[in-house]
Amino acid sequence: MKSVAQREPNVIPGFGITLGFTTFFLCAIVLIPLAALVLKAGGMDWSRFIDVITSARAVASYRLSFGASMVAAGVNMVFGFALAWTLVRYDFPGRKFVDAIIDMPFALPTAVSGIALTTVFAANGWIGQYLEPLGIKVAYTWIGITVALTLIGMPFVVRTVQPAIQEVQRDLEDAAETLGAGRFYVFRRIIVPTVLPALLTGFTLAFARAVGEYGSVIFIAGNMPMKTEITPLLIVIRLEEFDYAGAAALGVVMLAISFVMLLAINLLQAWGRKRMTVSR
Amino acid sequence: MAGPSSYAEAAAELASRPGHTNLRATLVRWLLIAMSLTFLGALLAAPLAAVFATALSKGWDAYFSSFADPDTRAAIRLTLITAAVVVPLNTVFGITAAWCIAKFEFRGKSFLITLIDLPLAVSPVVSGLIYVLLFGLNGWFGAWLQEHEISVVYALPGIILATMFVTFPYVARELIPLMQQLGNDEEEAAITLGAGGWFTFFRVTLPRIRWGLVYGVILCNARAMGEFGAVSVVSGNIRGLTTTMPLHIEILYNEYNFVGAFAVASMLSMLAVVTLIIKTLVERSGYRRR
């Protein structure tokens, strides 16, 4: 018998052609266009670039995009955990149906969720009419933006946390309770540590998706400069003014945020895997 | 150390017995279920119901007659054409990428996987912007394209390119982990026994990855038909010419033609429901996402 470590020549054909095709397609559709964006912004005068990305209107849009995405991802962390826990641990009528519709925001076009949420949360909408007397305006404020971002981020948290809850060892919980630990103690010392990496990964995935979101937000946002104008919308406005360099500069900022988010997600997932293997 | 009271001790003992639940556990359980369902109801069920309620608010006749509008028909046609071009191309790409990544060892593989996933992290608006910068009038190829009277931006090719970018990773990221897990043994056996490469792919590999492929393709299709941000940037919103269904919804909505807007939205919602049904059926057949 040959040892596994010994490299055998691979008999499967097609390496050169598939790698070539993959690389070509990747370059043509993804890498060259992204490079064009970076070069366009790089071709700007440095001081002008800084002026564009630190203008008061741009900074207000970052604050809104980041703030609303943060709140939305936080809300999803709480309700996403409750949902995932409910789906894994409890049996109730319609559980399978609920489990299936969690993925709805992945499949539902953003323009549809945008106009639908606006209708429901407007002052005369099904839910908005009950919030209006309480002085809570949802549609056309930052709260509405947060609601839209919560919807699109929800499946990310639930789908990341669900497998982690399945990993929680129930005999460990039972043992702790038999030894006199209260339910909250078990939650804090056994459940939270097991689920935490997944919860943070879900949070980051939801946040990353929310920061760049456009379609579902613009209908409910009101789109007032400095107040309810998200960064992606500002890019679109710059393009409509034929200010290509300005749009490219803001696009580069968004792209940089995407890269930081990707890095954070990879680090969190690596941490989660490490925690899993140590605990086994 | 303060020992647990005798009541707590008894409760803990009861709770640890298999199949036994105490009052507090039941309370927490129903509280969590109620909280989850309220959240889903307000965020997902109510808006979906509102789509159909608004679309039908003036009766079935008004609903159906909104599809008679030539611009709406043009939008539906454009969406179907875009998906018909984009989905097969990205499927071929996904299979090819998965073959080279799962079947062979080479340097830079994990970097390649990261690059394939990249479009998922990019804002839809940026996804459209990059093509405007490349092919727009002031773009790199803008002058050349104008000389040859080819329009990319504000025309069908731009819409197709932007949609391709956005849906680029869908099939590949479904197939790569699946094929990596299935391993090479069966393909190697087929090749050693004299089967050709294509024969091996169609008769050995394809039957084993078919559910993963279906999964990737339907999600790719749902996103391709529903993409708004990226397409909105490159399309120019020329009514009846470069508006896909989601863009047409925006136009109708801004004109306060709510029945029309929500009628088109109801079609896309049904597409999403069908996508979820196929997805659930695929999962029932034993396919698990990795």
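Everything numeric in this text was worked out from a predicted model, so none of it was measured. (Residues numbered from 1 in each chain as written. Chains lettered and ligands numbered in written order. Predicted model: local features only at pLDDT ≥ 70, side-chain atom pairs only at ≥ 80, totals over all residues.)

1. Some details on the overall build of chain A
Then, in step 1: Along its length, chain A carries 13 helices and 0 strands.
Then, in step 2: Order of helices (α) and strands (β) in chain A, N terminus to C terminus: α-α-α-α-α-α-α-α-α-α-α-α-α.
Then, in step 3: Projected onto the principal axes, the alpha-carbon positions of chain A cover approximately 70 × 65 × 35 Å.
Then, in step 4: The proportion of buried residues among the 280 residues of chain A is 44%.
Then, in step 5: The long-range fraction of contacts in chain A, counting pairs at least 24 apart against all pairs at least 6 apart in sequence, stands at 78%. (Helix = DSSP H or I, 4+ residues; strand = E, 2+ residues; numbered from the N terminus. Buried ≥ 20, exposed ≤ 12 C-beta atoms within 10 Å, placed from the backbone. Contact = placed C-beta atoms within 7 Å.)

2. Considering the domain arrangement of chain A
All names here are of chain A.
Then, in step 1: Split into domains, chain A comes out as domain 1 (14–43) and domain 2 (46–279).
Then, in step 2: Distance between the C-alpha centres of domain 1 and domain 2: 30 Å.
Then, in step 3: With 4 residues of domain 1 in contact, the opposing surface of domain 2 contributes 8 residues.
Then, in step 4: Split into classes, the residues belonging to the side of domain 1 that touches domain 2 amount to 3 nonpolar, no polar and 1 charged. (Domains from an automatic or database assignment. Nonpolar A, V, L, I, M, F, W, Y, C, P; charged D, E, K, R; others polar.)

3. Some thoughts on helix H8 (residues 142–167) of chain A
Then, in step 1: Its 26 residues place the ends of H8(A) 37 Å apart at the C-alpha level, agreeing with the 38 Å of an ideal helix rising 1.5 Å per residue.
Then, in step 2: With respect to burial, H8(A) is a largely interior element, 19 of its 26 residues being buried. (Expected span 1.5 Å × (residues − 1).)

4. Focus: the interface of chain B and chain A
Then, in step 1: Contact with chain B, which involves 74 residues of that partner, is made by 70 residues of chain A.
Then, in step 2: For the side of chain B that touches chain A, the element with the most residues is helix H2 (residues 23–55) of chain B, which contributes 16 residues.
Then, in step 3: Of the residues belonging to the side of chain B that touches chain A, the class tally is 53 nonpolar, 14 polar and 7 charged.

5. Quick look at the confidence of the model for chain A
Then, in step 1: On average, residues of chain A carry a pLDDT of 90, and 95% of them reach 70 or more.
Then, in step 2: Mean pLDDT values for the elements of chain A range from 82 in helix H9 (residues 170–178) of chain A up to 96 in helix H6 (residues 110–121) of chain A. (pLDDT = per-residue confidence, 0-100.)

6. Considering the nonpolar core
Then, in step 1: Core analysis: the biggest nonpolar cluster contains 157 residues, and A:Leu37, B:Ala98, B:Leu129, B:Leu175, B:Ile249 and B:Ala265 have the highest contact counts within it.
Then, in step 2: If sequence neighbours within four positions are ignored, B:Ala98 has contacts with B:Ala172, B:Leu175, B:Ile176 and B:Met179. (Core = buried A, V, L, I, M, F, W, Y, C linked by C-beta atoms within 7 Å.)

7. Focus on helix H11 (residues 197–226) of chain B
Then, in step 1: An ideal rise of 1.5 Å per residue puts 44 Å on 30 residues; H11(B) reaches only 36 Å between its terminal C-alpha atoms.
Then, in step 2: Where H11(B) bends most, the angle comes to about 60°, and this point is B:Leu206, followed within four residues by the proline B:Pro207. (Bend = angle between axes of the 7 residues up to and from the residue.)

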